Amino acid sequence: MAQAASKTCEICISATGSQYCLECEQYFCENCKTFHSRQKISKTHQFQSSSDVIPEGKSKCKDHNEDFSFVCKTCNVVVCSSCVTGSHTGHAFSKLIDSITQLKEENTTYLRSKIQESTQNMKQIEEGIKEFDVKVEEVVKAITNEGTKLKAMVDKCVAEMISSVNDQSRREKDKLTKIMADTRMELKAGSDLDKQIYELDKMRNDGNVLKSLQKLTDDIAKLTIKPIPEFPNIQYTAKSATDNDVKQLFGNYIISEMRTQQNMNRERELPSPKSDYKQEVNKKTKERGRHLYRCSKCR
């Protein structure tokens, strides 16, 4: 068995083992590799640079103490050359190195497809985040504009209400001013009659004084003092508004929660309990997938 630390050609045991045969699991120098590749039995062997390979010792067949070189596709186990002509006669086989190479290629292809899918998902997520941020900004702008519009409506309502209060109060004050002017005229008329009485007191009592007093009596009777009206009153009753009342003036926004494909698939699926047989088959299938090769006895 080759030793990973030596890296010396195991054929000539003199030159540096720069090449490694995957099937023979031996180090070869360049000259020995060329000779090995010309041999009919080993011309299909594959080489790798020894710096890239850390070979492991092959396991031996317990029945024949030979290295495993083939894979029995019928039994899905690794076998030696004696097993091929012995207990596995008539089965389908493939070379172990070919199976390993094929599996490596399949794993590489599968892994790269996963990486590509993950890369595409990353791009879509980044684009989705950008689009979501743009939509959030649009909603915030819409809410701000709605608030500005409502503020303008409130300011307009306040201005109109103040103007209405001033107009109505001015009309009521005009009425009071007119009544006050009429009362001033009545007061002047009373003062004039009072002066006449004062002047008549200075005169000699005769027929003319009597006539003047009689006329004065009629004038006093005609003097009408209007009663004081009920004065207008003004008061303001504020409407009790809560935060919820203000919120009702705005529209609504909805942010849908993120849903994964797994959640959507689960929602679409109806509960369908599996039979014990199906559960056992699925369990065995999952367990079998954990191993590269398993014999029929280990299944």
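Conventions used here
- Residues numbered from 1 in each chain as written.
- Predicted model: local features only at pLDDT ≥ 70, side-chain atom pairs only at ≥ 80, totals over all residues.
- Heavy atoms only, no water.
- Pairing = 2+ DSSP bridges.
- Helix = DSSP H or I, 4+ residues; strand = E, 2+ residues; numbered from the N terminus.
- Axes fitted to C-alpha atoms, helices over the stretch in contact; angles between N-to-C directions.
- Contact = heavy atoms within 4.5 Å.
- Core = buried A, V, L, I, M, F, W, Y, C linked by side-chain atoms within 4.5 Å.
- Buried < 20%, exposed > 50% of the residue type's maximum accessible area, 1.4 Å probe, protein only.
- pLDDT = per-residue confidence, 0-100.
- Salt bridge = Lys/Arg side-chain N within 4 Å of Asp/Glu carboxyl O.
- Expected span 1.5 Å × (residues − 1).
- Polar contact = N/O pair within 3.5 Å; in protein donor to acceptor, adjacent residues only side chain to side chain.
- Phe/Tyr/Trp six-rings, centres within 6.5 Å; stacked < 30°, edge-to-face > 60°.

Turning our attention to the sheet that holds strand 3 (residues 47-49). The strand order across the open sheet formed by 3 strands is 2-1-3, and the pairing between neighbours is antiparallel. Each edge of the open sheet is held by one strand with a lone partner, namely strand 2 (26-28) and strand 3. Direction aside, the axes of adjacent strands within the sheet are offset by 35° on average. As defined by bridge partners, strand 1 (residues 19-21) adjoins strand 3 across 3 bridges and the pair is classed as antiparallel. Among the inter-strand pairings, Tyr-20 is bridged to a residue of strand 3, identified as Gln-48. Sitting on the sheet, helix 1 (residues 30-38) touches strand 1, strand 2 and strand 3, and the angle it makes with strand 2 is about 110°.

Membership of the largest hydrophobic core is limited to 10 residues, which are Cys-61, Phe-68, Val-71, Cys-72, Cys-75, Val-77, Val-79, Cys-80, Cys-83 and Leu-96. Secondary structure elements with two or more residues in this core: strand 4 (70-72) and strand 5 (77-79). By size, the runner-up hydrophobic cluster in this structure holds 6 residues, among which are Cys-9, Cys-21, Cys-29 and Phe-47.

As a further point, take unusual backbone geometry. With a phi close to 55°, Ile-13 is a non-glycine residue in the positive phi region. Within the secondary structure layout, Ile-13 lies in the segment before strand 1. On the basis of relative accessible area, Ile-13 is assigned to the exposed category, the value being 65%. At Glu-25, a residue that is not glycine, the phi angle is positive and equals roughly 55°. Along the chain, Glu-25 falls in the loop between strand 1 and strand 2. Under the relative-accessibility criterion, Glu-25 is labelled buried at 17%.

Moving on, we get to the confidence of the model for the protein. Mean pLDDT over the protein: 84, with 85% of residues reaching 70 or higher. Taken element by element, the predicted model of the protein shows its lowest mean pLDDT in helix 7 (residues 276-288) (47) and its highest in helix 3 (residues 96-202) (93). Confidence drops under pLDDT 50 across residues 1-5; counting only partners more than four residues distant or on other chains, this segment forms 11 contacts.

Oppositely charged side chains are able to pair whenever their charged atoms sit close together. One pass over the structure, following the stated rule, counts 8 salt bridges. Lys-175 is paired through a salt bridge with Glu-172; the nearest N and O atoms lie 3.5 Å apart. Separated by 3 residues within a single helix, Lys-175 and Glu-172 lie in helix 3, roughly one turn from each other. Overall, the relative accessible area of 32% leaves Glu-172 in the partly exposed class.

Moving on to helix 4 (residues 207-222). In this model helix 4 runs 23 Å from its N-terminal to its C-terminal C-alpha over 16 residues, within 8% of the 22 Å that 1.5 Å per residue would give. The distance from a side-chain oxygen at the start of helix 4 to the backbone nitrogen of Asn-208 is 3.1 Å, and the residue carrying that oxygen is Asp-206.

Attention shifts here to the environment of Leu-187. Take Leu-187: it is sitting in helix 3. Taking the C-alpha atoms as reference points, Leu-187 and Ile-225, separated by 38 residues in sequence, lie 8.6 Å from one another.

Let us now look at helix 3. The terminal C-alpha atoms of helix 3, which comprises 107 residues, lie 156 Å apart, in line with the 159 Å expected from a rise of 1.5 Å per residue. Buried within helix 3 are the following residues: Leu-96, Ile-97, Ser-99, Gly-147, Leu-150, Glu-186, Leu-193 and Leu-200. Looking at the buried residues of helix 3, the elements they touch are strand 4, strand 5, strand 6 (93-95) and helix 4.

Moving on, we get to the sheet that holds strand 5. The sheet built from 3 strands is open, its strands ordered 5-4-6 with antiparallel pairing. This sheet does not close on itself; its edge strands, each paired only once, are strand 5 and strand 6. Adjacent strand axes in the sheet meet at a mean angle of 35° when their direction is disregarded. Pairing geometry for strand 4 and strand 6, over 3 bridges, is antiparallel. Across the sheet, the residue bridging to Val-71 is Ser-94, located in strand 6. Strands strand 4, strand 5 and strand 6 of the sheet are contacted by helix 3, whose axis makes an angle of about 80° with strand 6.

Below, the discussion takes up the side chain of His-88. Looking at the secondary structure, you find His-88 in the loop between helix 2 (81-85) and strand 6. Among the residues examined, His-88 registers a relative accessible area of 12% and is labelled buried. Leaving out residues up to four positions away in the same chain, His-88 has contacts with Cys-72, Cys-75, Val-77, Val-79, Cys-83 and Phe-93.

A few words now on the packing of aromatic side chains. If you walk through the whole model with that rule in mind, you get 2 aromatic pairs. Aromatic pair Phe-28 and Phe-47: ring centres 5.5 Å apart, planes at 85°, arrangement edge-to-face. In this pair, Phe-28 sits in strand 2 while Phe-47 sits in strand 3, placing the two residues 19 residues apart along the sequence.

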